[in-house]
Amino acid sequence: MRKIMEQDDIRRSLMRISHEILEKNRGANDIVLLGIFTRGYYLAKRIAENIKKIESKKVEVGGLDVGPFRDDDKKTEIDKSEINFSVENKVVVLVDDVLFTGRTVRAAMDAITNRGRPKRIQLSVLVDRGHREFPIRPDYVGKNIPSSKKRELVKVKIKEVDGEDAVYVFSKEEMA
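Residues numbered from 1 in each chain as written. Predicted model: local features only at pLDDT ≥ 70, side-chain atom pairs only at ≥ 80, totals over all residues. Heavy atoms only, no water.

Under an unreviewed UniProt entry, the name given to the protein chain is Bifunctional protein PyrR, and the source organism is Thermosipho melanesiensis.

The structure is reproduced here in structure tokens:
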């Protein structure tokens, strides 16, 4: 097991991502954040806090459940999303902890467009580990971590869920 990012690394990455979101969109107007449950939701909340500090403007944050929109054995029937605002004609910044094959993001885009037609969807991830199966590329990345698809797992831990902020790379043997 290797620790790739610590608490301060994550904090700095999220602050940089927050600035990049504001720069790319020329401010916070029409931006909403949708974090993919579970860790993406808490990362989205942190980005929203950063944007409020930078721009003195509150952006809406929702939690997105992609389970009903998946195309694999993780598909669920009940949508547990927590979105109390419209995505219609908004710039939706989709937030996730790790981008891997792109299947979760594809499901997330279906979940978003099922709720309305956004002006644009952008993708922010804390970690991009490569190995895409869909033509999906993030707009904002905290850290690129090249990894072995078959031999390694990347695990993001955040305080709200796991009691610590860190990113680890495990060999699959260590996880067994």
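Student: Describe in detail the packing of aromatic side chains, supporting the description with residues and values.
Tutor: Taken as a whole and judged by the stated rule, the model has three aromatic pairs. Taken together, a centroid distance of 5.3 Å and an interplanar angle of 65° make the contact between tyrosine 41 and tyrosine 42 edge-to-face. Of the residues examined, tyrosine 42 reaches a relative accessible area of 25% and is grouped as partly exposed. Put simply, the rings of Phe37, Tyr41 and Tyr42 touch in pairs and so form one group of aromatic residues. Sitting over the ring of phenylalanine 100, arginine 129 keeps its end group 3.9 Å from the ring centre. (Phe/Tyr/Trp six-rings, centres within 6.5 Å; stacked < 30°, edge-to-face > 60°. Buried < 20%, exposed > 50% of the residue type's maximum accessible area, 1.4 Å probe, protein only. Lys NZ or Arg CZ within 6 Å of the ring centre and 35° of its normal.)

Student: Before we move on, can you summarise the UniProt feature "domain: Phosphoribosyltransferase" (unreviewed entry) in the protein chain with the specific residues and values?
Tutor: Under the local residue numbering, the UniProt record ascribes the feature "domain: Phosphoribosyltransferase" (unreviewed entry) to residues 11–154. As annotated, residues 11–154 has a helix share of 29% and a strand share of 26%, and its two end C-alpha atoms lie 18 Å apart. (UniProt positions renumbered as here; feature names shortened; annotations may be inferred. Helix = DSSP H or I, 4+ residues; strand = E, 2+ residues; numbered from the N terminus.)

Student: An account of the side chain of asparagine 25 is needed here, citing residue identities and associated values.
Tutor: Relative to the elements of secondary structure, asparagine 25 occurs in the loop between α1 (7–24) and β2 (31–36). Looking at asparagine 25, the relative accessible area reads 13%, which means it is buried. Here glutamine 122 takes part through its side chain, which lies 3.0 Å from a polar atom of the side chain of asparagine 25. (Polar contact = N/O pair within 3.5 Å; in protein donor to acceptor, adjacent residues only side chain to side chain.)

Student: Could you give me a rundown of the packing of α1 against helix α2 (residues 39–55), with the residues and numbers involved?
Tutor: The angle between the axes and the distance between the axes are what describe a pair of packed helices. Taken N-terminus to C-terminus, the directions of α1 and α2 make an angle of 60°; their axes are 9 Å apart at the nearest point. Judged by the inter-axis angle, α1 sits oblique to α2. α1 and α2 meet at a crossing whose hand is right-handed. Counted together, Ile10, Leu14, Met15, Ile17, Ser18, His19, Ile21 and Leu22 of α1 and Leu43, Arg46, Ile47, Asn50, Ile51, Ile54 and Glu55 of α2 form the full contact between these two elements. Grouping the constituent residues of the contact of α1 with α2 by class yields 10 nonpolar, three polar and two charged. (Axes fitted to C-alpha atoms, helices over the stretch in contact; angles between N-to-C directions. Parallel < 35°, antiparallel > 145°, perpendicular 65-115°, else oblique. Left-handed = near helix turned anticlockwise from the far one by under 90°. Contact = heavy atoms within 4.5 Å. Nonpolar A, V, L, I, M, F, W, Y, C, P; charged D, E, K, R; others polar.)

Student: Just give me the short version of the pairing of strand β7 (residues 152–157), but keep the residues and values in it.
Tutor: Consecutive side chains along a regular strand alternate between the two faces of the sheet. Side chains Glu152, Val154 and Val156 of β7 all project onto a buried face; the interleaved residues Leu153, Lys155 and Lys157 project onto a face where none is buried. Sheet topology places β7 next to strand β8 (residues 166–171); six bridges connect them, and they run antiparallel. Across the sheet, residue lysine 157 finds its bridge partner in β8, namely alanine 166. (Pairing = 2+ DSSP bridges.)

Student: Account for unusual backbone geometry, with residues named and values stated.
Tutor: Following phenylalanine 37, the chain continues to threonine 38 via a peptide bond in cis, the omega torsion being 5°. With a phi angle near 60°, asparagine 89 is a residue other than glycine that sits in the positive phi range. Given a relative accessible area of 49%, asparagine 89 falls into the partly exposed group.

Student: Talk me through the environment of isoleucine 112; I want residue IDs and the actual numbers.
Tutor: As for its placement among the helices and strands, isoleucine 112 is situated in helix α3 (residues 103–113). Between the alpha carbons of isoleucine 112 and serine 86 there is a distance of 10.0 Å; along the sequence they are 26 residues apart. Isoleucine 112 has contacts with Leu34, Leu64, Val87, Val92, Leu94, Pro118 and Ile121, leaving out every residue within four places of it along the chain.

Student: Residue-level account of the pattern of salt bridges, with values.
Tutor: Inspection of every chain in the model, using the stated rule, returns 16 salt bridges. Linking arginine 70 and aspartate 72 is a salt bridge whose minimum nitrogen-to-oxygen distance equals 2.7 Å. The partly exposed category is assigned to aspartate 72, whose relative accessible area is 26%. Because the salt bridges share partners, they merge into one network encompassing Asp71, Arg103, Glu133 and Lys149. (Salt bridge = Lys/Arg side-chain N within 4 Å of Asp/Glu carboxyl O.)

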